[in-house]
Amino acid sequence: MTNWLKENLTTVFNLPMPVVDWLMMVYDAIQVFDDFADGDSVERKDLDATIWNTLVGMHQNQFFILNSQLLVPLLASMVLKWQASDTVERMGEADAKSFVWRAGYYDLVLTSVSIIHGAEYATKNAHLVLNLYGEKLEDYLKEFENA
């Protein structure tokens, strides 16, 4: 998924490498944090990369430096929505709403596309950002059938 996502950010959306790098650091960190929260194994190299990227790398990224006033509120919202979704999941009440709230990362992608290419381009290509979300609702809900 990581290579496919990076390829799409680069070729479909024509995002500059600093944007792609920042979005991939966020995506990779989300995956590690989610695996850890779910009790899944996390490889040491992935943990080390996540520690570096969340504490240093993301903040040194030129795209983030120039646009942090727009990006930080979206990051905060993404985290809060993930936490709410995770709470609902642990209560055994996962549903379509919790599924949607897990997808805050794609708000970052769409906003990044808009920052780089403008609102008109983002509007014309927003459906392509939507299509980046690979998980299906049915598959998400199946995870909790026997939990």
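These numbers were taken from a predicted model, which means no experiment stands behind them.

What counts and how
Residues numbered from 1 in each chain as written. Predicted model: local features only at pLDDT ≥ 70, side-chain atom pairs only at ≥ 80, totals over all residues. Heavy atoms only, no water. Helix = DSSP H or I, 4+ residues; strand = E, 2+ residues; numbered from the N terminus. Rg over C-alpha atoms; globule rule 2.2 N^0.38 Å. Contact = heavy atoms within 4.5 Å. Lys, Arg positive; Asp, Glu negative; His and termini not counted. Charge placed at Lys NZ, Arg CZ, Asp CG, Glu CD. Patch = residues over 30% accessible without salt bridge, like charges linked within 9 Å, V, L, I, M, F, W, Y side chains within 5 Å. Areas by Shrake-Rupley, 256 points an atom, 1.4 Å probe, with all protein chains shown as cover. Salt bridge = Lys/Arg side-chain N within 4 Å of Asp/Glu carboxyl O. Core = buried A, V, L, I, M, F, W, Y, C linked by side-chain atoms within 4.5 Å. Buried < 20%, exposed > 50% of the residue type's maximum accessible area, 1.4 Å probe, protein only.

## Quick word on the overall build of the protein chain
Counting its secondary structure elements, the protein chain contains 8 helices and 0 strands. Along the protein chain, helices (α) and strands (β) appear in the sequence α-α-α-α-α-α-α-α when read from the amino end. At 16 Å, the protein chain has a C-alpha radius of gyration in line with the 15 Å of a compact globule built from 147 residues. Long-range contacts, defined here as pairs at least 24 residues apart, represent 67% of the contacts in the protein chain between residues at least 6 apart. When the 10 basic and 21 acidic side-chain charges of the protein chain are each reduced to a single mean position, those positions are 3 Å apart.

## Some points on a negative patch on the surface
A contiguous patch of negative charge on the surface is contributed by Asp38, Asp40, Glu138, Asp139 and Glu143. Its place among the elements puts Glu138 in helix α8 (residues 137-142).

## Observations concerning the nonpolar core
Formed by 28 residues in total, the largest nonpolar core has its most connected members in Leu9, Trp22, Leu23, Tyr105, Leu108 and Val109. Of all the elements in the fold, those that place two or more residues in this core are α1 (2-12), α2 (17-37), α4 (62-90), α6 (105-117) and α7 (119-130). Sequence-distant contacts of Val109, that is, excluding residues within four places in its chain, are made with Leu9, Leu23, Val129 and Leu132.

## Description of the pattern of salt bridges
Taken as a whole and judged by the stated rule, the model has 7 salt bridges. In this structure, the salt-bridge partner of Arg102 is Asp34, at a minimum N-O distance of 2.8 Å. Residue Arg102 is found in the loop between α5 (96-101) and α6, and its partner Asp34 is found in helix α2; the two are separated by 68 residues along the sequence. Residue Asp46 is joined to Lys45 by a salt bridge in which the shortest nitrogen-to-oxygen separation is 3.2 Å. A relative accessible area of 30% places Asp46 in the partly exposed class.

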